[in-house]
Amino acid sequence: VVLQPGVEYAVWIDYAIAQGEEGGVLRMQVGGQLLEKSFPAATAGWQDYRQEEVGRVTLDAPDPVEVTVQAKEIANSALCNLRTIRLVPVR
């Protein structure tokens with residue numbers, strides 16, 4: 001998919017969290033727009049992935065779009081296993 005300026009995109013992540021690691025917060029910037037995702041519950045383990053929408057962004061320029069990810073808060077020793085980030089056009 002070629003990203004287009006002026007189009008709204010849903011930002012989805014594919015992640016896993018082990019028991020005892022829930023409670024962290026992920027901070028993500030997509031094209032300069034800030035999104036945050038809290039993880040109040042664990043999945044069934046580090047290999048049990050779930051997909052969730054983090055938020056929505058509207059891009060100012062065509063690709064490439066810079067995406068940065070960092071841990072805002074870590075509950076214990078790790079935030080999550082982050083497998084993919086997808087930008088899906090909102091229709």
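Note: the structure precedes this text.
If you're wondering where the values come from, they're calculated on a predicted model, not measured in any experiment. Residue positions are given per chain, counting from 1 as you read along its sequence in written order. pLDDT decides what is reported in this predicted model: residues at 70 or higher carry local features, side-chain atom pairs at 80 or more are listed and counted, and totals for whole chains, interfaces and linings draw on all residues regardless. With hydrogens and water set aside, each side-chain value is computed from the structure's full complement of heavy atoms.

(A) Examining the nonpolar core more closely. What we call a nonpolar core is a set of buried Ala, Val, Leu, Ile, Met, Phe, Trp, Tyr and Cys residues that are connected through their side-chain atoms within 4.5 Å. With a 1.4 Å probe rolled over the protein chains alone, any residue whose accessible area is under 20% of its type maximum counts as buried; one over 50% counts as exposed, and the rest are partly exposed. Ranked by size, the top nonpolar core spans 18 residues in total, and within it Val11, Ile13, Val30, Phe39 and Val57 carry the most contacts. Breaking this core down by element, the ones donating at least two residues are β1 (8-16), β2 (25-30) and β4 (50-58). Per-element tally for this core: the top contributor is β1, with 4 residues. Only heavy atoms enter the contact rule, under which two residues are in contact if any of them lie within 4.5 Å. In this structure Phe39 touches Ile13, Tyr15, Ile17, Glu22, Gly23, Gly24, Leu26, Leu79 and Cys80, once residues within four positions along its chain are discounted. The helix count covers DSSP runs of H or I at least four residues long, the strand count covers runs of E at least two residues long, and both are numbered beginning at the N terminus.

(B) How the structure looks around the side chain of Asp14. As for its position among the elements, Asp14 is in strand β1. Given a relative accessible area of 6%, Asp14 falls into the buried group. Polar contacts, as counted here, are pairs of nitrogen or oxygen atoms within 3.5 Å of one another; within protein the pair requires one atom able to donate a hydrogen and one able to accept it, and residues that are adjacent in sequence qualify only if both atoms are side-chain atoms. Separated by 2.8 Å, the side chains of Asp14 and Arg83 make a polar contact. Sequence-distant contacts of Asp14, defined by excluding residues within four places in its chain, comprise Tyr49, Arg50, Gln51, Asn81, Leu82, Arg83 and Thr84.

(C) Local environment of the environment of Val69. Mapped onto the elements of the fold, Val69 is located in strand β5 (residues 67-73). Given the relative accessible area of 36%, Val69 is considered partly exposed. It is 6.6 Å that separates the C-alpha atoms of Val69 and Gln29, two residues lying 40 residues apart in sequence. Not counting chain neighbours up to four residues away, the residues in contact with Val69 comprise Leu26, Arg27, Met28, Leu82 and Ile85.

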